[in-house]
Amino acid sequence: MSVRSAQETVYAYHQRTKHAFERYAAGPGHLDWATQPSPFREFKGAERVPLPLVSERNLIPYRALFEPGYIGAAKADLAALGLLFELSFGLSAWKVYGEDRWALRCNPSSGNLHPTEAYLITPGQPFLPGGVYHYHSHGHALERRCRADLAFSGCLVALSSVFWREAWKYGERAFRYCQHDVGHALGALNYAAAVLGWSVHLLEAWGDEDIAALLGLDREADFAGAEREAPDLLCWVGPAASTPDAIDIDRLLTSVQSGTWSGQANRLSASHRHDWPVIEEVHAASLKPRTLTTSGPPGTAAWPEIPCRSELAAVEVIRTRRSAQAFDGVTPVAADTLFRILDATGFRERCPPWSGWPWAPRVHLALFVHRVPGLEPGLYVFWRGDVDKTRTAPLFRDQFEWAEVGPESLPLFRLAVGDARDAARMLSCHQAIASDSAFSLGMLAEFDAGLREGPWVYRRLFWETGLIGQALYLEARAAGVGGTGIGCFFDESVHELLGLEGTVLQSLYHFTVGGPLVDSRLQTLPPYAHLGTRRPAPG
Ligand SMILES: Cc1cc2nc3c(=O)[nH]c(=O)nc-3n(C[C@H](O)[C@H](O)[C@H](O)COP(=O)(O)O)c2cc1C
């Protein structure tokens, strides 16, 4: 496929999967519960390595994650890998309602369908033979897919997506949700690594075909009769003060290809009632090729850092992150708290979730402020990169004020004063979570400029929104309030409200933060009681 026709396919997909007041993007209509996909992939026949659970004695403060050098690098052992995977992709609780029971995880997922799978690629260690492992979140174990002699420092973590899991519920728009979830998962990995004094470097040179070969996703026979996984990204993970070895992609691929593979992927749904060919099309059009040049770290946020004041332990914030199902419509978020939350979405090279993200910010926030004492209710913009008002303001509606508000040099602008609650609710598919909160927001991506870099950057823009979403979830939790990602919104109506024309800026994801209401009908159970005593006893 030529780059031009790939671009056209991506634009066409984006256009046809917009929700509108009068027409939702094509979906299955009703949910076929009999074919609900299993959220747990496993590779039958692959040897399982159980991982230790995080110690209850781990009281590293959440705020320390943002003080580079404060947390000494943990030594690499099975406990460290256990923490890394538990706090990023592991279960965080079970919810029970009547006969129904479902698991939540440290990483959120649209519809709790969890399309993202995680893999570890490691050289041989005294505690773990070298090779490629799939993380099984239910069993908190590594499934060895390939045993191979590999040589590099640190370890690699890769993500892949099973589109079917999201498509089962969301139809054509599912490809977008899978990409959001990748961003959230990468963010979750980044925060978990920071608890170990480690950091994550996204290896941007790798192409999708390379990642598929590394993970064995291209091994037809191992996926016979099972839903395939699409490669997403590959990261180096290791001590924060180190930088990744230059890895020779072809050499590493030759090593795993001559390794010993085992395991057969399980089937996730007994049958698939609908096929969504546009997902395959946009996937093919947005494959990332191997790239020879790298972008280098983007410039760090241009405003002074606003410190985190949370007293909570990092492990607690990460494990008790939840999506609020409803907000109370009264709890405010103080302006200083909002400023800190916004700061945490800005790029800082050595702070999670941004460590090792190699691209300059392309996503900005349009805020609907409802209950933030110190800020008048209304519409605001937070521009996450260098802002040149003379170029940015003309993209929006003429009447907007562009008044600078908040701490000096924080790129936060008031556009218009007014009650934005009805607009926020209606634009987010009539969901009251967007209006009963203290503030909600839409994430505006520099769409045309991003896609000019290459069709695959379509996916990267969604990853960036997921990373921002993960920062918002954890910051909201750390501040004692709650947040929820919002994938359902009426795309063009958001653009109309802001006066955006064409596709220079496109809203890709919404989010809301406020005082959560807890549904007392649901019972909460611990995540890993089914594993017995694998968690070290409290000291
Ligand atoms: C990309 C994305 C989109 C979401 N969209 C919505 C939404 O439109 N409405 C909603 O109530 N929740 C939404 N959620 C919240 C999910 O339903 C929630 O993450 C999932 O049920 C798991 O619960 P947890 O986040 O508490 O672990 C979204 C979450 C993500 C990650």
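**Quick notes on the sheet that holds strand β14 (residues 378–382)**
Two modes of strand pairing occur in sheets, parallel and antiparallel, and in both the strands are linked by backbone hydrogen bonds. Pairing is antiparallel in the open sheet, where 7 strands are placed in the order β15-β16-β14-β13-β17-β19-β18. A single partner strand is all that each edge strand has here, and the edge strands are β15 (403–404) and β18 (482–486). By the bridge criterion, 7 bridges tie strand β13 (residues 363–369) to strand β17 (residues 439–446) in an arrangement that is antiparallel. In the sheet register, Leu365 faces β17, and the bridge partner there is Met443. Along the sheet, helix α13 (residues 457–478) makes contact with β13, β17, β18 and β19 (505–514), crossing β19 at roughly 10°.

**As for helix α9 (residues 335–344)**
In terms of residue burial, α9 counts as a mostly covered element, since 8 of its 10 residues are buried. Those residues of α9 that sit buried are Thr337, Leu338, Phe339, Arg340, Ile341, Leu342, Asp343 and Ala344. In this fold, the buried residues of α9 make contact with β14, β16 (412–417), β17, α13 and β19.

**Concerning the domain arrangement of the protein chain**
The assigned domain composition of the protein chain is domain 1 (37–54 + 79–268) and domain 2 (314–514). With centres defined by C-alpha atoms, the gap from domain 1 to domain 2 works out at 28 Å. Contact residues are listed per partner, giving 29 residues for domain 1 and 28 residues for domain 2. For the side of domain 1 that touches domain 2, the secondary-structure elements that each account for two or more residues are α4 (174–195) and β9 (198–202). Per-element accounting of the side of domain 1 that touches domain 2 gives the leading share, 16 residues, to α4. Within the side of domain 1 that touches domain 2, the residues separate by chemical class into 16 nonpolar, 10 polar and 3 charged.

**Focus on the site of the ligand**
Taken together, the neighbourhood of the ligand is formed by 19 residues, with Pro108, His180, Ser323, Gly485 and Gly487 sitting nearest. Residue composition of the shell around the ligand, by class: 6 nonpolar, 11 polar and 2 charged. Lining the shell around the ligand are residues from two domains, each supplying at least three of them: domain 1 (37–54 + 79–268) and domain 2 (314–514).

**What about the packing of helix α3 (residues 163–170) against α4?**
Running from N to C, α3 and α4 cross one another at 130°; their axes reach a closest spacing of 8 Å. The pairing of α3 with α4 is recorded here as oblique in orientation. Crossing of α3 against α4: the hand is right-handed. Of α4, the residues touching α3 (which contributes Phe163, Glu166, Ala167 and Tyr170) are Ala174, Phe175, Tyr177 and Cys178. Tallied by class, residues from the contact of α3 with α4 come to 7 nonpolar, no polar and 1 charged.

**So, the sheet that holds strand β3 (residues 91–97)**
Read across the open sheet, the 3 strands follow the order β4-β3-β20; overall the sheet is antiparallel. Each having just a single partner strand, β4 (100–105) and β20 (523–525) make up the two edges of the open sheet. Adjacent strand axes in the sheet meet at a mean angle of 30°, parallel and antiparallel pairs treated alike. Sheet topology places β3 next to β20; 3 bridges connect them, and they run antiparallel. For Trp94, the partnering residue across the bridge sits in β20 and is Leu525.

**What to know about helix α7 (residues 277–285)**
Burial in α7 covers these residues: Val278, Ile279, Val282 and Ala285. Down the axis of α7, the buried set is contained in an arc of 130°. They therefore lie on one face. Opposite the buried face of α7, at more than 90 degrees from it, the exposed residues are Pro277 and Ala284. Along its buried surface, α7 packs onto α1 (3–16), α3 and α4.

Conventions and cut-offs
- Residues numbered from 1 in each chain as written.
- Predicted model: local features only at pLDDT ≥ 70, side-chain atom pairs only at ≥ 80, totals over all residues.
- Pairing = 2+ DSSP bridges.
- Helix = DSSP H or I, 4+ residues; strand = E, 2+ residues; numbered from the N terminus.
- Contact = placed C-beta atoms within 7 Å.
- Axes fitted to C-alpha atoms, helices over the stretch in contact; angles between N-to-C directions.
- Buried ≥ 20, exposed ≤ 12 C-beta atoms within 10 Å, placed from the backbone.
- Domains from an automatic or database assignment.
- Nonpolar A, V, L, I, M, F, W, Y, C, P; charged D, E, K, R; others polar.
- Near = placed C-beta within 6 Å.
- Parallel < 35°, antiparallel > 145°, perpendicular 65-115°, else oblique.
- Left-handed = near helix turned anticlockwise from the far one by under 90°.
- Arc of directions from axis to C-beta.

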